[in-house]
2 protein chains.
Amino acid sequence: MRRSGYPLARLGIIGGGQLGRMMTLQAKKLGCHVFVLDPYPHSPAGAIAMEQVVGGFGDPQAIRTLVERCDVTTYDIEHINTRALQELEAEGHVILPAPGLLAMVQDKLRQKEALAAQGIPVVPYEQCDHPTPEALAAFGYPLVQKLRHGGYDGKGVALLRGPEDLRQKLPGESLLERVIDIAEELSVMVVRGRDTHMVVYPAVEMVFDPRGNLLDLLLAPARIPEALARQAREMAEAAISAVDGVGAFGVEMFHTANGQLLINEIAPRPHNSGHYTIEACMTSQFEQHVRAVLGLPLGSAAQISPCAMINLLGEPGSKGKPHLEGLDEALAIPGVSVHIYGKAEVRPLRKMGHVTVLDDSVEAAAEKAKRVRACLRIVGEFSG
Amino acid sequence: MRRSGYPLARLGIIGGGQLGRMMTLQAKKLGCHVFVLDPYPHSPAGAIAMEQVVGGFGDPQAIRTLVERCDVTTYDIEHINTRALQELEAEGHVILPAPGLLAMVQDKLRQKEALAAQGIPVVPYEQCDHPTPEALAAFGYPLVQKLRHGGYDGKGVALLRGPEDLRQKLPGESLLERVIDIAEELSVMVVRGRDTHMVVYPAVEMVFDPRGNLLDLLLAPARIPEALARQAREMAEAAISAVDGVGAFGVEMFHTANGQLLINEIAPRPHNSGHYTIEACMTSQFEQHVRAVLGLPLGSAAQISPCAMINLLGEPGSKGKPHLEGLDEALAIPGVSVHIYGKAEVRPLRKMGHVTVLDDSVEAAAEKAKRVRACLRIVGEFSG
């Protein structure tokens, strides 16, 4: 029988946002000491970690300082200097998911190629190094332009319906995709251990806010036939095996109007679409991620209650210190769990928190979630 | 509509143990800043709070420092200088549950009298200021002696079967009770808001470890008839109304072999028998406590999965830095959630963590909990 000391491990997290914060809580529950790297002092995760290293995600020295202090290092964001991570990995430091995988995922072209090479259906795409008006016209409108590098939370993606939208065109190496007629956007969380054992969460349904292409309402489980849910889960497992992932991964998919299931992209970390697992599942995605990167057995991913989840975004025009409106009204609704991330400044559409609602059915939970959205707002001290 | 700033409130917690730690996590989730008072630096709660005031629970100046820094102050232990709290309350500081209530609960005689005065059935008792052999003999053996002041976690209680047990007799003002023939020990968590609104959790069943009179196995819900469970919940509500409590309260009861339901004692804080609510209920006892003392609406106390819970106690003879044995084996059991409190030193029978197990039935969860207890041990570096 293995004997573990206390702390169980020193866990490093690059990125001190809400994902890192929720990871930190779970890692502490399991008896870890947690160290966080983030450029902003008192980041959401740094404020509850043992220590925060203040530094940028591109700074090799700051990354080295964190990694050398820890037994295992992971991350809650994708925009990290992967060369620095690869150097540290070559020196024998444990960094999971692997830096090579992260570098691949960072490049949307390489990510698509890796999945397609394993026969996994992805949204059809074409490489476009120079997105000139001529190149776009040659591909044909309407189209979706995605930057190969640097996109997140709906940024780095442009819908161009015709030449009249050229002003929204993004500069830089891109992929061009056909506009898909989407029936549902689905997501599946997959957790894969160091021993390649996997657990898969239910397929969930994501409804997006057209304002910022941000997740607006999540329904768990998705309101789709069982056969389709099973297909989504199998495809998600295949995708994470294909990239040899270790940790929790969000696999975003489109279910098209003509019945196809296509992978949109994968996130090498706990994912916004998995926040619901904290309240609604046997084991949360955050605990599973920590277990996976530490080489511990994974837990059950069974769902114990239907639920819905909404993000709390900074209101348009909001700036400065955040204020909450309608918290009493929201908390008075049975089954509501409010998560405030502790960010000191609000910005328009910034993720400031989320709300999970449990109920006897996903429809009832969604109804309550919409009531919460109608009453609970995060505004800034300078907002109108 | 009320507008709340960020932080939502500065919450003070007197006591930095595991209860304070789990309260802190929930308070942070709701957007509070948390300040903790504890004599040991880096206490379990202090390590994740915004700041810890290092000082004793009897020290009026340390208590003042904490309370003056906070909007609302609460506590996770009972042995606090209530005179200091009452002075601060008289100056207008919000301290909940009320210091007067705490002073009453600290004295087991006054607690019993307060409940009995409202017609709430308690274990029959007799006041005994001087527990001399003659006084004990006059009461008659077998008997249970309880100190009026200072008991906790099974300390301050002695079972005296006859004069041959006089060596176990405790010094000090006492209560004497008849030995009850107990069918089940039950507990009910009640949460009462500032507006006197109450929510009540299911009645749960406690099995005790005879080694230290510490909770050994908790089953939720209790395996008792529905009518008895309802009676227990109603009696718990009546008890907390009787003492005008605000916050989460543990109400411990005996169900006697001849069918009576008697209150043993109440704890003016989240309780060991309510840890299971983190995973198994809509809203945890810790979040409810925070909501109650801040004057926020209470959440649903509905249970969403049957479960069992065990404490992780330091092994007999254990000292020094803790080590975990069998963590991999425990985590490999589906539905297991391990909570390590982060205490730097292990002592025999010290509460070092707990494990909650969810399953489809309380019997299946209890079976798994026993498997966890068989494999997971916390030993000290100096233990045999």
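Because the structure is predicted, anything quoted here is derived from the model rather than measured. (Residues numbered from 1 in each chain as written. Chains lettered and ligands numbered in written order. Predicted model: local features only at pLDDT ≥ 70, side-chain atom pairs only at ≥ 80, totals over all residues. Heavy atoms only, no water.)

**Student:** Sorry, what's going on with the overall build of chain A here?
**Tutor:** Helices and strands together make up the secondary structure of chain A, namely eleven helices and 21 strands. Since a compact globule built from 384 residues should have a radius of gyration of about 21 Å, the 20 Å found for chain A is in line with a globular shape. Within chain A, the proportion of its 384 residues that are buried is 62%. Long-range contacts, defined as pairs at least 24 residues apart, comprise 64% of the intrachain contacts of chain A with a sequence gap of at least 6. Total accessible area computed for chain A in this model is approximately 14300 Å², and 51% of it derives from carbon and sulfur atoms. (Helix = DSSP H or I, 4+ residues; strand = E, 2+ residues; numbered from the N terminus. Rg over C-alpha atoms; globule rule 2.2 N^0.38 Å. Buried < 20%, exposed > 50% of the residue type's maximum accessible area, 1.4 Å probe, protein only. Contact = heavy atoms within 4.5 Å. Areas by Shrake-Rupley, 256 points an atom, 1.4 Å probe, with all protein chains shown as cover.)

**Student:** Any chance you could explain the packing of aromatic side chains here in plain terms?
**Tutor:** Aromatic ring pairs: the centre-centre distance and the angle between the two ring planes describe each pair. Taken as a whole and assessed by the stated rule, the structure comprises zero aromatic pairs over all chains. Above the plane of the ring of A:Phe139 lies A:Arg178, whose end atom (NZ or CZ) is 3.9 Å from the centre. (Phe/Tyr/Trp six-rings, centres within 6.5 Å; stacked < 30°, edge-to-face > 60°. Lys NZ or Arg CZ within 6 Å of the ring centre and 35° of its normal.)

**Student:** Explain the sheet that holds strand S4 (residues 51-54) of chain B here, please?
**Tutor:** One key point about sheets: their strands pair by backbone hydrogen bonds, in either a parallel or an antiparallel sense. Residues and elements named next belong to chain B. Read from one edge of the open sheet, five strands run S4-S3-S2-S5-S6, paired in parallel fashion. Sheet topology places S4 and strand S6 (94-95) at the edges, where each strand pairs with a single neighbour. Here strand S3 (residues 33-38) runs beside S4; their pairing, made up of four bridges, is parallel. Its bridge partner being in S4, Leu37 is matched across the sheet by Val53. (Pairing = 2+ DSSP bridges.)

**Student:** Would you take a moment to explain the pattern of salt bridges for this structure?
**Tutor:** When the charged atoms of two side chains lie near each other, side chains of opposite charge can form a pair. All chains considered together, the criterion is met by 39 salt bridges over all chains. One salt bridge in this structure joins B:Arg64 and B:Glu68, with 2.8 Å as the shortest N-O distance. In this pair, B:Arg64 and B:Glu68 are both assigned in helix H2 (residues 60-69), four residues apart and thus about one turn of the helix distant. Its relative accessible area of 47% is what places B:Glu68 among the partly exposed residues. In this structure, B:Arg161 and B:Asp165 form a salt bridge, with 3.0 Å as the shortest nitrogen-oxygen distance. Look at the salt bridges and you will find they share partners, linking A:Lys29, A:Glu287 and A:Arg291 into a network. (Salt bridge = Lys/Arg side-chain N within 4 Å of Asp/Glu carboxyl O.)

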